[in-house]
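# Coordinates in review
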Amino acid sequence: MRLLIAAIALATAAACSPAGTEVAETNDLTITQDASINPVIAYKDAFIMEPIGGRDMTMGGVTIDVSAADTKLVAASSPSIGAIELHTMAMIDGKMTMRQVEGFEVKSGEQLELKRGGNHFMMFDVGTDVVGGETVDITLEFDTGAEETLKIVVPAEVRVVGE
Ligand SMILES: [Cu+2]
């Protein structure tokens, strides 16, 4: 429980505080936890595509680096989005098709990349505040083998198709 609180506190600091906090935020990875906490999760390139044509469905992604312990990304949520599913792309009958998965395992020392055309977040019931240029928080939930999942809040940049 203590680890969970520490993670949330640091993730919130990353989202809301200017420079000078304990969280290292650069153009590169943002480290969300102290190295004494296992696993250590770092992220970058968190984004959501602005829905097109007045639809309320879209996709998003993030790049996650895991160290110190293996983990599994099991869920994502956002106050601005009704539901977020974890999707992967697979070749079915010669066609690239996406399907929902239970989660993405990430070994320590490995990277998980959710992006357009690959593994991604599928987002439904997307709020009207998800517009280009805005930043929307996504909470990522990791199974670490402990009783409680580890949650971190990642600020995602809303991007417009073609920009
Ligand atoms: Cu999808």
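In case you missed it, the structure is sitting above this.
So, a few notes on the structure that sits alongside this text. (Residues numbered from 1 in each chain as written. Predicted model: local features only at pLDDT ≥ 70, side-chain atom pairs only at ≥ 80, totals over all residues. Heavy atoms only, no water.)

### Quick look at the overall build of the protein chain
- A count of helical and extended segments in the protein chain gives one helix and eleven strands.
- Listing each helix as α and each strand as β along the protein chain from the N terminus yields α-β-β-β-β-β-β-β-β-β-β-β.
- Here the protein chain, with 163 residues, has 40% of them falling under the buried criterion.
- At a minimum sequence separation of 6, the contacts of the protein chain that also span at least 24 residues come to 63%.
- Of the accessible surface of the protein chain, which amounts to about 8,800 Å², a share of 48% is contributed by carbon and sulfur atoms. (Helix = DSSP H or I, 4+ residues; strand = E, 2+ residues; numbered from the N terminus. Buried < 20%, exposed > 50% of the residue type's maximum accessible area, 1.4 Å probe, protein only. Contact = heavy atoms within 4.5 Å. Areas by Shrake-Rupley, 256 points an atom, 1.4 Å probe, with all protein chains shown as cover.)

### Comments concerning unusual backbone geometry
- Backbone geometry at Ala-68 places phi at a positive 80 degrees, although glycine is not the residue there.
- Here Ala-68 is to be found in the loop between strand S3 (58–67) and strand S4 (71–77).
- The residue Asp-125 is not glycine, and still its phi comes out positive at about 55 degrees.
- Looking at the secondary structure, you find Asp-125 in strand S9 (residues 120–126).

### Examining the pairing of S9
- For S9, the buried fraction is high: five of the seven residues fall into the buried class.
- Where S3 meets S9, three bridges bridge the pair, whose relative direction is antiparallel. Its bridge partner lying in S9, Met-59 is registered against Met-122.
- Two strands pair when backbone bridges link them, and strand S5 (residues 81–92) and S9 are joined in this way by six bridges, in the antiparallel orientation. Paired with His-87 across the two strands is His-120, which belongs to S9. (Pairing = 2+ DSSP bridges.)

### Points about the nonpolar core
- Ranked by size, the top nonpolar core spans 30 residues in total, and within it Val-62, Ile-64, Leu-73, Phe-121 and Leu-140 carry the most contacts.
- For this core, the element with the most residues is strand S11 (residues 150–159), which contributes five residues.
- If we skip the residues at most four places from it in the chain, Leu-73 touches Ile-64, Leu-86, Glu-102, Gly-103, Phe-104, Leu-112, Leu-114, Phe-121, Leu-140, Glu-141 and Phe-142. (Core = buried A, V, L, I, M, F, W, Y, C linked by side-chain atoms within 4.5 Å.)

### Let's talk about the coordination of the copper ion
- Those donors, His-87 (ND1), Met-98 (SD), His-120 (NE2) and Met-122 (SD), are the protein atoms that reach the copper ion, and they lie 2.1 to 2.2 Å from it.
- For the copper ion, the four donor atoms in the first shell make angles of 99 to 114 degrees at the metal, so the coordination geometry reads as tetrahedral.
- Each donor residue of the copper ion belongs to the same chain, with the gaps between them written as H-x10-M-x21-H-x1-M. Here Met-98 is found in strand S6 (residues 95–100), whereas its partner His-120 is found in strand S9, with 22 residues between them in sequence.
- Look at Met-98 and you get partly exposed, because its relative accessible area is 38%. (Donors = N, O, S within 2.8 Å, 3.2 Å for Na, K, Ca; no water. Tetrahedral: all angles 85-135°; square planar, octahedral: opposite > 155°, others 65-115°.)

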